[in-house]
Amino acid sequence: MESDTDEVDKIIEDIYTNYNGKRVLEAFKILNKLFSNIINNPEEEKFKIFKKSNINLQLKVLIIKECQDILKSLGYTELDEERLIFKGDIKRLKYATYSMKKKINDIEAILEKQEREEEEKKQEEIRKEFEEKNKILMEQKMEMEKLKQQCLNDRREVAQKKVRSSVANDLKFGAKEVKVEFQCSGGGGR
């Protein structure tokens, strides 16, 4: 049994080490579910058989060569071209489930930490962007205040100046009135 558990541990560790955490997590969860169904219902044949054509198994488990190795190592054999059947030892299945659960917990902790770090990084980027925009707004506000103050100073300066009359030449507009008197001499008029 010792070498059997070593083999299972080695395959699980290889999968854990060589593949993306999310991918491994999906594969281990599916395998864990398959194995748990057999462990919890050892007398029911329906849980011992699965179709290789199942799309979830194909895309998430069977695509990883080491997952196929673990199935063989635990006692799965081909029933026919389409189906595998479990004919192994339940104790080995329990051990594999236990080992995978530990790895599932490890992966979930790592993924949670990564998500937390990514979220913190996003929050930091948002904070920096906010600070930059706030700095620009404050600079604009200070410039506006400076312009307002300049306008007020200009108004005060204009208000303090005495208004002087223009010192220009007197202009004379209009016609010059000349009084003309005509004298009539006796002669020719009516």
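Summary of the structure given here.

Things to note about the nonpolar core
Core analysis: the biggest nonpolar cluster contains 31 residues, and Leu31, Phe35, Leu71 and Tyr76 have the highest contact counts within it. Contributions of two or more residues to this core are made by α1 (2–18), α2 (21–40), α3 (55–62), α4 (65–74), β3 (83–86) and α5 (90–160). No other element matches α2, which puts 9 residues into this core. Once residues within four sequence positions are removed from consideration, Phe35 is found in contact with Leu71, Leu74, Tyr76, Leu93, Ala96, Thr97 and Met100.

Quick word on α3
What α3 keeps buried is the set Leu57, Val61 and Leu62. Down the axis of α3, the buried set is contained in an arc of 70°. They therefore lie on one face. Exposed and facing more than 90 degrees away from the buried side of α3 are Ile55 and Leu59. Between the side-chain oxygen of the N-cap and the backbone nitrogen of Asn56 there are 2.9 Å, and the N-cap of α3 in question is Asn54.

Points about the environment of Glu78
Residue placement: Glu78 occurs in strand β2 (residues 76–78). Take Glu78: its relative accessible area is 54%, and that puts it in the exposed class. For the pair formed by Glu78 and Ile49, sequence separation is 29 residues and the distance between their alpha carbons is 9.5 Å. Not counting residues within four places of it along the chain, the set of residues in contact with Glu78 comprises Lys52, Arg83 and Leu84. A polar side-chain atom of Glu78 sits 3.1 Å from a polar atom in the side chain of Lys52.

Notes on α5
An ideal rise of 1.5 Å per residue puts 105 Å on 71 residues; α5 measures up with 102 Å between its terminal C-alpha atoms. Every buried residue of α5 is listed here: Arg92, Leu93, Ala96, Thr97, Ser99, Met100, Lys103, Ile104, Ile107 and Leu111. Of the residues flanking the start of α5, the one acting as N-cap is Asp89, its side-chain oxygen 3.2 Å from the backbone nitrogen of Lys91.

Re the sheet that holds strand β1 (residues 49–51)
In a beta sheet, neighbouring strands are held together by backbone hydrogen bonds and run either parallel or antiparallel to one another. Reading across the sheet, the 3 strands line up as β1-β3-β2 and stay open at both edges, with antiparallel pairing between neighbours. Strands with a single pairing partner mark the edges of an open sheet, and in this sheet they are β1 and β2. On average, adjacent strands in this sheet sit at an angle of 30° to one another, irrespective of strand direction. As judged from the 3 bridges shared by β1 and β3, these two strands associate in the antiparallel manner. Considered in β3, the bridge of Ile49 is made with Ile85.

With respect to the side chain of Asn32
Mapped onto the elements of the fold, Asn32 is located in helix α2. Dropping the residues within four chain positions of it, Asn32 is found in contact with Thr97, Met100, Lys101 and Ile104.

Re the packing of aromatic side chains
Scanning the entire structure with this criterion turns up 3 aromatic pairs. Through a chain of ring-to-ring contacts, the aromatic side chains of Phe35, Phe50, Tyr76 and Phe86 assemble into a single cluster. Sitting over the ring of Tyr16, Lys103 keeps its end group 4.3 Å from the ring centre.

Parameters and conventions
What you see as residue numbers is a count from 1 along each chain, following the sequence as written. Whole-chain, interface and lining totals are the exception, using all residues; otherwise, since this is a predicted model, local features are given only for residues with pLDDT of at least 70 and side-chain atom pairs are given and counted only at 80 or more. Hydrogens and waters are ignored; side-chain quantities use all the structure's heavy atoms. Nonpolar core, defined: a set of buried Ala, Val, Leu, Ile, Met, Phe, Trp, Tyr and Cys residues in which side-chain atoms within 4.5 Å join the residues together. A simple rule labels every residue: compare its accessible area, found with a 1.4 Å probe on the protein chains alone, to the largest value its type can have, and call it buried under 20%, exposed over 50%, or partly exposed in between. Every helix listed is a DSSP run of H or I at least four residues long, and every strand listed is a run of E at least two residues long, numbered separately from the N terminus. Should any heavy atoms of two residues lie within 4.5 Å, those residues are counted as being in contact. Directions from the helix axis toward the C-beta atoms define the arc. In the analysis that follows, any N or O atom pair within 3.5 Å is treated as a polar contact, provided that within protein one partner can donate a hydrogen and the other can accept it, and provided that, for residues neighboring in sequence, both atoms belong to side chains. Expected helix span is taken as 1.5 Å per residue step, with the number of steps being one fewer than the number of residues. One bridge is not enough; two strands pair if DSSP finds at least two bridges between them. Working convention: axes come from line fits to C-alpha atoms, limited for helices to the stretch in contact. Angles between N-to-C directions cover 0 to 180 degrees. Classification of ring pairs uses Phe, Tyr and Trp, with its six-membered ring standing for Trp, and accepts pairs whose centres are within 6.5 Å; under 30 degrees between planes counts as stacked, over 60 as edge-to-face, and the remaining range as tilted. The rule for a charge over a ring is simple: NZ of Lys or CZ of Arg within 6 Å of the ring centre, and within 35 degrees of the ring normal.

So far we have only geometry, and geometry alone does not tell us how the molecule works.
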